[in-house]
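In case you want the letters, here they are:
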Amino acid sequence: MESSDLQRRYIDFTSTLFREGFLDSQYTQLQQLQDESNPEFVTEVVTLFFQDSEKLQDDLTRTLDQEVVDFKKVAAHVHQLKGSSASIGAQRVKNVCMAFRICCEEMNREGCLGCLQQARQEYFLVKSKLETVFRLEQQIVAGGGSIPTMW
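Residues numbered from 1 in each chain as written. Predicted model: local features only at pLDDT ≥ 70, side-chain atom pairs only at ≥ 80, totals over all residues. Heavy atoms only, no water.

All right, on to the overall build of the protein chain then. Helix and strand counts for the protein chain stand at six helices and zero strands. Each helix (α) and strand (β) of the protein chain, taken in turn from the N terminus, gives the series α-α-α-α-α-α. Seen through its C-alpha atoms, the protein chain measures out along the principal axes to roughly 55 × 30 × 20 Å. Here the protein chain holds 151 residues, and the buried ones make up 40% of them. Restricting the contact set of the protein chain to residue pairs at least 6 apart, pairs at least 24 apart contribute 67%. A total accessible area of about 8500 Å² is found for the protein chain, and carbon and sulfur atoms account for 50% of it. Charge separation in the protein chain, taken as the distance between the mean sites of 16 positive and 22 negative side-chain charges, equals 4 Å. (Helix = DSSP H or I, 4+ residues; strand = E, 2+ residues; numbered from the N terminus. Buried < 20%, exposed > 50% of the residue type's maximum accessible area, 1.4 Å probe, protein only. Contact = heavy atoms within 4.5 Å. Areas by Shrake-Rupley, 256 points an atom, 1.4 Å probe, with all protein chains shown as cover. Lys, Arg positive; Asp, Glu negative; His and termini not counted. Charge placed at Lys NZ, Arg CZ, Asp CG, Glu CD.)

Take the nonpolar core next. Residues Y27, V46, V74, F100, C112 and L130 are the most contacted members of the largest nonpolar core, which totals 38 residues. Taken together, the elements giving at least two residues each to this core come down to α1 (3–19), α2 (25–32), α3 (41–64), α4 (71–88), α5 (91–105) and α6 (109–142). Top contributing element to this core by residue count: α6, with 11 residues. Excluding residues that lie within four positions of it along the chain, L130 makes contacts with L23, Y27, V46, F50 and I88. (Core = buried A, V, L, I, M, F, W, Y, C linked by side-chain atoms within 4.5 Å.)

Turning next to the packing of aromatic side chains. Per the stated rule, a full pass over the model turns up five aromatic pairs. Between the aromatic rings of Y123 and F124, the centroid separation amounts to 4.9 Å while the plane-to-plane angle is 65 degrees, which identifies the pairing as edge-to-face. Exposure remark for Y123: the relative accessible area of 0% places this residue in the buried category. Since its relative accessible area comes to 43%, F124 is described here as partly exposed. By the ring-pair criterion, three or more aromatic residues cluster together here, those being F49, F50, Y123 and F124. One residue, R92, lies across the ring of F22, its end atom 3.8 Å from the ring centre. Sitting over the ring of F50, K127 keeps its end group 5.4 Å from the ring centre. (Phe/Tyr/Trp six-rings, centres within 6.5 Å; stacked < 30°, edge-to-face > 60°. Lys NZ or Arg CZ within 6 Å of the ring centre and 35° of its normal.)

In structure tokens:
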């Protein structure tokens, strides 16, 4: 596929992620921090987000599976997940965390379990979509093109 076709696919796909609420302006700000001296900056930050999110989701599962749920601990994990998702612009994950926090305040175990399931779903969706973005970027660069800017 030609570089210009890949660039057009990249722009269309990335625009859709913003339009459908997967990403917000924080992701654009993250992209603006990337330059020639650190061309993998966004990929590295997002990869850390993937690792942290999976660990937090595992921690949330273990905490909610306890006979007596420590809702303060759940809320602390949710707060971390919300912060890390907000820092990369993963808007739909962040939004689920806001509802999750309310369930923690209400000490609503079933509500928390539902939010955890929804957070996992949104996380895996945004992870898949960002991995596609990164593959497109690699293909563009491998073909001698430059990654289009979105700002």
